[in-house]
Each structure stands twice: as structure tokens, then as C-alpha cells.
Amino acid sequence: MSNQDIYVPQPATLLKKQPMTEYETFYEFKLDSGCELGHGPGQFLEISVPGIGEAPISISSSPTQAGIFQMVVRRVGNVTTALSKLGPGDKVGVRGPFGTKFPVDEVMKGKDILLVCGGIGLVPVRSAINYILDNRRDYGRLTILYGVKTPADRLFAEELAQWKATPEVTVLETVDRGDEAWDGHVGVITTLLPLVQINPAQTIAVICGPPVMYRFVLKELAKMAMEDESIFVSLERRMKCGVGKCGHCQMNDLYVCQKGPVFKYSEIKEVMEAI
Amino acid sequence: MSIKKLDQAALDTWVNKLIANQSVYGVQAKGERFAFGPLSKAEDLRLDYDVTILPPKKYFQPQREDLLEFNAKGEYTSVTETEPFILFGVHPYDVVAIAQMDTIFSADNYDVHYMTRRHNATIVACDVQNASANVFAGCMNTATVTKGFDLLLTKIGEFYLAEAKTPKGEKLLTDLPGGLEPGNLDLARREQVWKDNTGLLRKHKLKCNPQELPGLLEKSYYAPVWEAKAKLCFSCGSCNLVCPTCYCFDVQDDVNWDLQSGKRTRAWDGCLLKDFAAVAGGHNFRSSRTDRYRHRFYRKAKYVAEKLNQIACVGCGRCISACVPKIANPVEVFNELL
Amino acid sequence: MSKPKLAIFDFTCCEGCQLQIVNLEEEILNLISLVNPVEWREAMSEHIGNYDIALIEGSITRPEDEEKLRRIRKRAKILVALGSCASTGGVNKLKNNFDLQEVKHCVYGQAADMPHLHTAPTKAIDEVVQVDYKIYGCPIDRREFAYIVRCLALGKSPEIPDYPVCVECKLQENICRYEYDEICLGPVTRAGCGARCPSCATWCFGCRGHIEEPNLSAAKEIMVRYGKTFQDLKNRMNIFGSKQRYADE
Ligand code: SF4
Ligand code: SF4
Ligand code: FES
């Protein structure tokens, strides 16, 4: 029996911070212990700011990037606002990594990958993208579909450009509403799907975005003859404790903090509260 | 392990002796109802109680408890309580509930806060002497218990039988002055109490076997009863809060006046409350009263039940009494689904 | 870090909430260690500049008060409604149930028509200006007040309950007033008080106003189960519930 307290965070130090959009900021941390975080793409952390509280935040860097971990956080609550006020050298508390991973070391291997991301859904998926690019030979074609509300909401703009320039990688972007400078695609994320050619039997799809997005994307993927077993979704819930106790993340009988956030679609198709 | 027979006077002397040695929490009158509280003398103990307003879970997972402390440097340390105590007079259905909570808090990720308190506790169970207005433990196989306690008291006529179940219980018995050895007749009378209680603690009658409930819920997700009842639901969480098998919690930080050091506390929460599944930024994943209302029954009789292989409702009837609009009765709902 | 400047203003009220602040006793020293209080008169004068936190006590009952409040809003970084009168209109809204002329004559008799006694329908602070936080209660709860001030000084938005008083009442292990066939407003009233009234064996008056989604139709429907009528419920709601958002449902 372990006497360790699952609720005690370990210290980490902020190394770098950079605003990405009006509301989202990029952060790079390292654990004070000097250890690796030991996460897989798709997992999340519980981040504490002393006095303010704790909030679940998904990890955005690939485990292939040693020594540090990165996050992109939208300012929506107390903890995320407090984070935005920190500077390099400041401390936070970290628990985790928690939850399931995108199956980058399992079924995704050897397959073509189709990633469908909306808004901050790109944040955890970026971890998988960089993991795939760092192990490029293990995977087939990589297609990234990314939709945001307006051009000003695009995250990782530089990396998007790099990914676009990488051979065997397709990046298609769309915005709900364009502006003068925007000459790209305009429309909801599903309008990008008819533009891609996939071999459904050879493809693994991943969906991550705002709650409303999933149903529509799933419908389109079904039309493209994608099997439910080949689709993975990453779902947001109120992950308060991260360790399967507090009950807040429950989606019918499933604790999303443990059985998720990444689910194989066929496994949650019948879970009423899932999508 | 031994069994002793004692009369009221011996019981009182014994309890007072226990109180002199360590903290004892026992059932006492609170107005016209009963509650567990710190016991200062044996005569306050009311083993004839029907049900307590709150279950004894409050001694393992207090309404609000400190989880961690943090200092000005942002370092967190765990806060755990260490004082041993005796919980005196726990009814069988509550014993079953505690055993379920033990599994929840020890399996998977070990919760040191709950478990430390749990290990510090000696549980003196007591068979029910008076049935409460809404108890249905008899239908849930929780009217009597054979494990989950350290010592069991059963009233037989003018006497009590006290049976130790664990070394901790045995140790309590060593403090018992002048206990008698029970005869076969006494043991037979105790058997009779158990048999009677199984029949008596059925103020509401479940029309199926509890084992059938997960299957029943499996096909009842869209039954009209959820919406019909939820219409009257205040989303006040009373049914959650008084339930011995509800354990969901919320966690918050508060700072001291230096604005740097402080505490992280956790407090009881309830899935019936409006914002239970709402995330920062606003989206509420269970925004309708009906969905929240249904979730509790599914947790009790399907989700947690399948995980523990035992229904997570012990039939204490507290939610029935606590619910102002009178919509929380699990038996009524399950019977309606049958 | 310089201490945030805090100013307190009162409009129509009994000043009981300010009294609660004074009653913080030794905590008040802690409070003063965190914020820099500026006096009302000083605060109103133009050369004081801006305040970080303005606490507004009382409701608005005269047109000239609206003007004053707008001026305060312009100069306050954070504006907080303090107590029921400020945050919901509270007891002061009772008068909105009647003809104002009648109200004046009833209160002031012959003097009712004196010009300085003119009156307008009661408004809560947020009916005039934008309010950042509300500290509910008649009077406010000292503990909650201290917590909220600490949060504001820390730049954190305080967790203000949006669940019913019943939650805190159950945590206190009270016997529910409905068991005594009394009408309690706990199920539709915002918590935060620690269920003070039911803990003192009396029903909840609803002084903190309704939660965001009160189930008032249920409150109405259950009256028959307790041998009461809709009118009984309305009477109970009158004190603090007059002309509230859901008052006429
Ligand atoms: S659901 Fe109701 S009857 Fe069942 S254990 Fe909980 S409070 Fe008791
Ligand atoms: S006394 Fe009032 S506040 Fe307390 S539980 Fe009953 S209805 Fe709710
Ligand atoms: S986050 Fe607490 S149970 Fe999943």
C-alpha cells in the first residue's frame, strides 16, 4: 500500500512563455526533479497555481522532445488567467500525466493519418503530429485539417507553415469567417473533408475540437467509409481530480480522466453522454 | 473472536471507559432526529435510533477537509489526520456503505486522506432496533451484516450481545467489565433479531431482486419517469449529500491573509447540482435536470454497481426523507421501471 | 506591490453590511493589511483619482443616486455590490409592489410631498451600472466577505455559490423545515450563508436572492404536498423576492 498522496503536485518551472492569440498563450516548463514527464501524445496534466487552484491542461509537446513539456492554454478561468500572469522562473505544481494516449505506438503505426482539429483541439494533437514527424518512417501519409473561427485564432502558425512544407504531409485550413488578409478556405471544418482523398482501410482518423464539432465530422467520415474502429476522439470533460475519484468527468459509466480523454469511437458510440 | 453478553449498566460503564481512553463518536438525539457526534458520556448514546440525518461517512470524508497546504514558496504538502477514534452504533446498511467507499478510495489510486481516517477508526456496528420511516435495507440485503465492522452489538431483550469481528474489536472487549458468556438461547434470540430485521426494514418494497437492477436500467434510459420526476427537482443535491454511498467532491484553494500560503480543501459535491459537469469556459456537459436526475440512479444501480459488483444503494432511505419535492425514492423509481 | 485602494459607498440601506465588516474584529486588521481603505467623503472628491475596488452598499431609490453611482463606476476598476439591497434590491424592492405616492404618504404622512422626500422605484446596482461581483446576503456573511476580498486582492474571481441553501443546510445536518410543515425558501435561494437560518431552526427568507435557474414551478407545485397554497409561497417570497427576475411566475 502506497502512502503517497495522489493529490500532491510536484514542482515545475516556467521556462518560456509566448502569446499565441488574444486568449491563448504558449508555455514551456521543466520538472524541477529533472525527470522526464513520461507522457504520451493526448494525455493531460493537472496544473496548480498556489492559492488560485488546479485545472486540467492538455500537453502539447511530443515526448520526443526531451527535458521539457509544453502547453497552450486559453484564458477562461482562474487558473488559466493566473498562468498568463506568470513569468519565466515562476513555479507551478504538476500532477500527471493522466489519461489515455493517441495510439501512436499501436494502431496508428504503418497507417495513413487523418487529423481533424477545431480551435484549441490542435493543442493535444500537436503532440501526436510532432511525434509522427519525429518517427516519420513509421507512418504513411499525414493529413491535418484545421478549422478556427477567424484567422486571428490560428494556433502554431509557424509550425503549420513548416508542416505544410514537409513532404508527404497535407495541411488544409479553414476559418468560419475570413478577413481581408485571408485568402484560404472559408467554411466549417466539415467542408474540408470532401477535399481530401483517403484510403479508409489504410487510415486512422483523430478528431479533437469543441463539443459541437464531433457529430458533424463523424457523419462525414462515415460517408467516406471510415470504420468506427479506425476513428479516435479526444473528449473534453471537467477533469477535477484526474484520478477517478471526484466524479466530475463522468460520461455515463466512464471516467474520462482514466478511460479517456482519447477514446476509440466504436467504444463510445453507444455511450449516450459521449457525443 | 469472542462474544459477550452485557446489560445496559455494563454497556454504559464500558462506553464511559472507552470515552476516557480515546475519541468516541456515537449516535445522539438532535431535536426529533438523530446524528453522529462526539460522545461525552454513555447516557447520551442512543442505540435505539432509527436513522441518522447524515451517514457516518462524514468521519472518513468530512463535509470539508484540508487536502494540502502550500507555503509562500509554492510548495505543497499533504495534510492527513492521525487520531484514532471509535465510531459507535453504525447500522448494518451504513456498514455496507462504508465497505463500498473503502473500495472506491483504496482501489486504483489510493486516497491517503480517506484511508488514513479509515484505518484510525474502530467501527462498532449495532443492529437496528427501530426501523425508520423510509428504510428499505431489507430489500437490498443490507438489513444485517457479517463483515465490515470491528464489533457488532445486537439488542436481545434487556441485554446486548457484543461480538468482536477483528482484533481491534477484540481489544475493545478487553475493556468490558464483567461481561457474561452468552448461552445458546441468547444466540438464537440474536438470530431471530436478524431474521426479523430483514423483514421489518422494508418500508418500501422493491418488486425485483437488486441483482436485476443493472439489467433493468440497461433498457430504461429513455423511460418517461426521468423527465416526469425531474420536473419537480430543485437541483439541490440533497439526495447526494445525505447518501452514504455518494462521495463526489469539489476541490478549492483559499489563501491566508499573506495571499501566498494557504490550503487546498475538498468538500462534498453532488451530481444533481447544476454546474457539476460544467467546464471552465462555460460548456455544461449535463445541463438538463432530467439528465442529472437520471445520472444518480444509474450510478447507484448500474455504473458503480457494475464496478463493485454490488448495488450502490444500501436502502437507508435518507434520500427519501431529505428530498423536499419527494422524488428521490429509489424504490418508487425502480418499481415504476419494472 | 502597492495595496489596492478600496472605497465603500452606501446608498439606500440599513448599513448592516458595513457593520458586518466592522464585526470582523481582529480579521479587520488583516483586511487593512491587504487593502488601502479610502473614506467615503475623500473617495467622492475628485482628486482621489481612481479606486481599485469599490464596494457599493444599498439600493438605488432616487434619480440623483443613479448619477452618483455612474460616477463611481467610471472611477472603479472593480465594482462590487455589497449585500442584498445592492445585489438584488432586497427588502427595498417591497415598495415597488405599491403605488409610490401611497408609499410616501404611508411612511412620511403629511410631510410626504416635501421635495427632499421624492422617491423612485427601487433598483439593484446592476440595473444602473455594470457590476463585477455580488456579495449576497442580508446581512453579508463575514467569512464569505473576507474570502472574496482575499480573492480580489489576489486577482482571482471568487467562487460564489450558484446552488441552493439546501446544500449547506444538509452539510450542517439540520432537520429540514418542511418536516415541520414550514415553507422554506432554501431550495430556490442562493447558498453561501452556511444555511444560517435553518441552522437556527427557522426557514430561509431567501435573502440572497434566487439561484440562476430556480425551479419555481416545482416550488409552486409542491405546496399542496405540504398543505399550503401558492399564495402562502408568494407571501413568503415577498420580503426578499419582490420584483425579482422570476417574481411573477
Ligand atoms: S440512494 Fe438513497 S436510499 Fe440509497 S443509499 Fe443513497 S440515500 Fe440511501
Ligand atoms: S430547511 Fe430549507 S434549506 Fe434546509 S434542506 Fe429544508 S428546504 Fe432546504
Ligand atoms: S476527474 Fe475526478 S473522477 Fe475523473
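Residues numbered from 1 in each chain as written. Chains lettered and ligands numbered in written order. Predicted model: local features only at pLDDT ≥ 70, side-chain atom pairs only at ≥ 80, totals over all residues. Heavy atoms only, no water.

What to know about the domain arrangement of chain C
All names here are of chain C.
Alright, step 1. According to the domain assignment, chain C contains domain 1 (5–153) and domain 2 (165–243).
Alright, step 2. Every contact between the two is made by 13 residues of domain 1 and, on the other side, 12 residues of domain 2.
Alright, step 3. Interface of domain 1 and domain 2: buried area, both sides summed, is about 1200 Å²; carbon and sulfur atoms make up 50% of it.
Alright, step 4. Among the residues domain 1 hides against domain 2, the three largest losses belong to N97, Y136 and D141. Together they make up 35% of the total.
Alright, step 5. Applying the counting criterion to the domain 1 and domain 2 interface returns two salt bridges.
Alright, step 6. For R196, the salt bridge goes to D141, with nearest N and O atoms at 2.7 Å. (Domains from an automatic or database assignment. Contact = heavy atoms within 4.5 Å. Buried area = accessible area lost by both parts, 1.4 Å probe. Salt bridge = Lys/Arg side-chain N within 4 Å of Asp/Glu carboxyl O.)

Quick notes on the site of ligand 2
Alright, step 1. Surrounding ligand 2, one finds V324 of chain B together with V165, C166, C169, K170, C176, R177, Y178, C184, G186, P187 and P198 of chain C.
Alright, step 2. In this structure, ligand 2 is bordered by residues of chains B and C.
Alright, step 3. Across the shell around ligand 2, the residue classes tally to nine nonpolar, one polar and two charged. (Near = heavy atom within 4 Å. Nonpolar A, V, L, I, M, F, W, Y, C, P; charged D, E, K, R; others polar.)

Digging into the packing of helix α9 (residues 289–308) of chain B against helix α11 (residues 330–337) of chain B
Residue and element names in this part refer to chain B.
Alright, step 1. At a minimum axis distance of 12 Å, the contact between α9 and α11 shows a crossing angle of 90 degrees. If you check the angle between α9 and α11, you find them roughly perpendicular. Note on element contacts: α11 touches α9 through P330, V333 and F334, opposite Y293, F297 and A301.
Alright, step 2. Residue composition of the contact of α9 with α11, by class: six nonpolar, no polar and no charged. (Axes fitted to C-alpha atoms, helices over the stretch in contact; angles between N-to-C directions. Helix = DSSP H or I, 4+ residues; strand = E, 2+ residues; numbered from the N terminus. Parallel < 35°, antiparallel > 145°, perpendicular 65-115°, else oblique.)

A closer look at the nonpolar core
Alright, step 1. Formed by 141 residues in total, the largest nonpolar core has its most connected members in M108, L115, I207, L221, M251 and I268 of chain A together with F145 of chain C.
Alright, step 2. The residues touching F145 of chain C, leaving out its near neighbours within four places in the chain, are I21, L24, L31, L55, L82, I135 and I140 of chain C. (Core = buried A, V, L, I, M, F, W, Y, C linked by side-chain atoms within 4.5 Å. Buried < 20%, exposed > 50% of the residue type's maximum accessible area, 1.4 Å probe, protein only.)

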